[in-house]
Amino acid sequence: MVSRIIPVDPFDLVVFGGTGDLAQRKILPGLYRRFWAGQMPAEARIIGAARSELDDAGYRAMVRAAIEEHVAPAKREPEQIDAFLEHIRYVAVDARGEGGWKELAALVRPDVIHAFYFSVGPSLFGDLAERIHAHGIAGPHCRIVVEKPFGHDLASAKALNATLAQHFDETQIYRIDHYLGKETVQNLMAVRFGNILFEPLWNAQYVDHIQITVAETVGVGGRGDYYDKSGAMRDMVQNHLMQLLCLIAMEPPHRFDPDAVRDEKLKVIRALDPVEPADLVRGQYGPGDGLAGYLEDAGQDESDTESFIAMKVHVSNWRWKNTPFYLRTGKRLRARKSEIAVVFKDPPHSIFGEQEDRRGNVLVIRLQPNEGMNLRVTIKEPGPGGMRLVEVPLDMSFADALGPEAADIPDAYERLIMDVIRGNQTLFMRGDEVEAAWAWTDPLIASWTGRGDRPKRYDPGGAGPEESAMLLHREGRRWREIKE
Ligand code: BG6
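First, a word on scope: everything that follows refers to the structure included in this document. Counting starts from 1 at the beginning of each chain's written sequence and moves along it residue by residue. Where totals are concerned, whole chains, interfaces and linings use all residues; where local detail is concerned, this predicted model gives features only for residues with pLDDT of at least 70, and gives and counts side-chain atom pairs only at 80 or more. Calculated side-chain values reflect all of the structure's heavy atoms, with hydrogen atoms and water omitted.

## A word on the site of the ligand
- Around the ligand, the neighbouring residues are Lys148, His178, Tyr179, Lys182, Glu216, Arg223, Asp235, Met236, His240, Lys331, Arg336 and Gln368.
- Separating an oxygen atom of the ligand from a side-chain N or O atom of His178 is a distance of 2.8 Å.
- For the ligand, an oxygen atom lies 2.5 Å from a polar atom in the side chain of Glu216.
- To be clear on the numbers: accessible area is Shrake-Rupley with a 1.4 Å probe, and residue cover counts the displayed protein chains and nothing else. In isolation the ligand has 400 Å² of accessible area, and contact with the protein removes 81% of it.
- Numbered from the N terminus, helices here are DSSP runs of H or I no shorter than four residues, and strands are runs of E no shorter than two. When residues of the shell around the ligand are assigned to their parent elements, the largest contribution, three residues, is made by helix 8 (residues 224-249).
- Residues belonging to the shell around the ligand are distributed by class as follows: two nonpolar, three polar and seven charged. One heavy atom within 4 Å of a molecule or strand is enough for the residue carrying it to be called near that molecule or strand. Counted as a polar contact is a pair of N or O atoms within 3.5 Å, where, for protein atoms, one must be capable of donating a hydrogen and the other of accepting one, and residues adjacent in sequence contribute only when both atoms are in side chains. The classification used treats Ala, Val, Leu, Ile, Met, Phe, Trp, Tyr, Cys and Pro as nonpolar, Asp, Glu, Lys and Arg as charged, and all other residues, Gly among them, as polar.

Here it is as structure tokens:
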């Protein structure tokens, strides 16, 4: 495969929360990897900004440690790391006061792209936006990047949008959902709209149902305070799973252009029916396998927060009428696996007579691990014995199909940060999309809270509560297995 890395334009990227966990785990190592790949121009600068009183040297030492911890050894060449660190600066800034702002404003070059990454809690968004504006660094070349959670409900998301809108135009606001930066998520659009093969079948007439699974093996340890106020619905469904659902269900946009894509996604969210209580299962992991349970991990004596959720969702439009979308996500499950499975209907008539245990065509799009696609097709079992049918996978892992370079897929954050610099908002959520997602989510949460619904306990290392399997069994369907 030929490498097509094109350096981006010169930029200044200011990372507020530059000493924090996300900066160290994802943002800085990701930027280093882009530098290593040759995508960062010589004039690029990354400016860490946080409260700690550090100088450039102190911050560079921190960045070096982050690279050493989070970048694969093959890319950790000492000369490359030294060269990357030359791009790094640091300013101690007080988000709620005046400290450091003059120094920061003097450093940021107004005539090159300058992006401000708000890798801080949403309570600081307003303060930061106001000060960026007051210090004259919010010009036309300015962009801001904000992280999830974008609000806790519709009211808080609206308030955040309004705060940002006071100082920035929507075209300057990049709301990150890192699932949109995953390679296979974009491939989903390429597969759907770059081939004639799938799109004619992509509707209620031919698709029996769709499963979207994001399973994790990790628990909530270390993030209990945040997680217990969110739960799987706010932490994963309202953003990541809904984005996947939108990309699977949306109509073809007229162009692969930010607003055309986002308009189509928004229509899907607006077409979602409310979820019936009987179509929703919430779970909470118990202790087991030598691991603590949710309550201990989250540091709570009691909690009704769900660490697992499964639901049946309907998209009420012409294309999808009566084709259910089953979504599930959870922590402490058997394997780390994210995939979308499009399960097609059986042929209308079998010319081969009844065959036991036949299962129809399924297109599986694997997001992680081992990004790729798999199409299950029916063939004749080889050898004598008549016309016996079997299902075999047409399996494609990107690494096998495109060579080892393709296995070296950039992390979602790397891709998204480069998109910010390029000014491409296609993979970022627009304000109205986020609000529509909350408008659908809020009544659901209110309904189970109002009913006093308690999450079902499930054992770690499995597929979540039994009731989740029942959700499909009762309709003669079954979840795909959670295994790597
Ligand atoms: C985050 C959630 O947005 O996504 C986490 O807050 C979750 O709870 C994570 O673990 C999953 O991301 P990934 O890329 O590891 O699938």
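## Points about the sheet that holds strand 13 (residues 372-380)
- Pairing between two strands is assigned when DSSP locates at least 2 bridges connecting them. Taken in spatial order, the nine strands make up an open sheet running 14-13-12-11-7-10-9-8-15, and their pairing is mixed. The open sheet has two free edges, formed respectively by strand 14 (389-397) and strand 15 (456-458), since each of these has just one partner strand. On average, each strand axis in the sheet is inclined to that of its neighbour by 20 degrees, with strand direction left out of account.
- Sheet topology note: the strand 9 (residues 308-313)/strand 10 (residues 325-330) ladder contains six bridges and is antiparallel. Looking at strand 10, one finds that Val313 is bridged to Phe325.
- Across the sheet, helix 8 lies against strand 7 (207-215), strand 9, strand 10, strand 11 (337-344) and strand 12 (362-368), angled at about 145 degrees from strand 10, the strand it touches most. All axes here are fitted lines through C-alpha atoms, helices being fitted over the stretch that makes contact, and every angle between N-to-C directions spans 0 to 180 degrees. Should any heavy atoms of two residues lie within 4.5 Å, those residues are counted as being in contact.

## A few points about the environment of Gly121
- Mapping Gly121 onto the fold places it in the loop between strand 4 (113-118) and helix 5 (125-134).
- Between the alpha carbons of Gly121 and Phe150 there is a distance of 9.7 Å; along the sequence they are 29 residues apart.

## Focus: the sheet that holds strand 3 (residues 88-92)
- Read from one edge of the open sheet, six strands run 3-2-1-4-5-6, paired in parallel fashion. Lying at the two open borders of the sheet, with one neighbouring strand each, are strand 3 and strand 6 (173-175). If you compare each strand with its neighbour and ignore which way they point, the axes differ by 20 degrees on average.
- Of the strand pairs in this sheet, strand 4 and strand 5 (residues 142-146) are connected by five bridges, and their pairing is parallel. In the sheet register, Phe118 faces strand 5, and the bridge partner there is Val146.
- On top of the sheet, helix 1 (residues 21-36) reaches strand 1 (11-16), strand 2 (45-50) and strand 4; it is set at about 170 degrees to strand 1, its chief contact.

## Remarks on the pattern of salt bridges
- We define a salt bridge as a contact between a side-chain nitrogen of Lys or Arg and a carboxyl oxygen of Asp or Glu at a distance within 4 Å. Under the counting rule described, the total for this entry stands at 39 salt bridges.
- Two residues, Arg223 and Asp235, come together in a salt bridge whose shortest N-O distance is 3.8 Å. Remark: Asp235 occurs in helix 8 and Arg223 occurs in the loop between strand 7 and helix 8; sequence separation between them is 12 residues.
- Taken together, the shared-partner salt bridges in this structure form one network comprising Asp208, Asp279, Lys312, Arg474, Glu475 and Arg477.

## Comments concerning the packing of aromatic side chains
- When two rings of Phe, Tyr or Trp (its six-membered ring) have centres within 6.5 Å they constitute a pair, described as stacked for plane angles under 30 degrees, edge-to-face for angles over 60, and tilted for the intermediate range. Under the defined criterion, the tally for this structure stands at 15 aromatic pairs.
- Centre to centre, the rings of Tyr326 and Trp479 are 6.0 Å apart; their planes meet at 70 degrees, and the pair counts as edge-to-face. On the criterion of sequence distance, the pair formed by Tyr326 in strand 10 and Trp479 in the segment after helix 15 (466-473) is long-range, its members being 153 residues apart. An identical accessibility class is assigned to Tyr326 and Trp479; each is buried.
- We call a charge positioned above a ring when the Lys NZ or Arg CZ atom is no farther than 6 Å from the ring centre and deviates by at most 35 degrees from the ring normal. Stacked on the ring of Phe150, the Lys or Arg Arg175 has its end atom at 5.1 Å from the ring centre.
- Sitting above the plane of the Tyr179 ring, Lys182 keeps its charged end 4.6 Å from the centroid. Whether a residue is buried, partly exposed or exposed follows from its accessible area with a 1.4 Å probe, protein chains only, as a fraction of its type maximum: under 20%, in between, or over 50%, in that order.

## Some thoughts on the pairing of strand 7
- Of all nine residues making up strand 7, eight are buried, and the element is well covered by its neighbours.
- Where strand 7 meets strand 10, six bridges bridge the pair, whose relative direction is parallel. Bridge pairing links Ala215 to Gly330 in strand 10.

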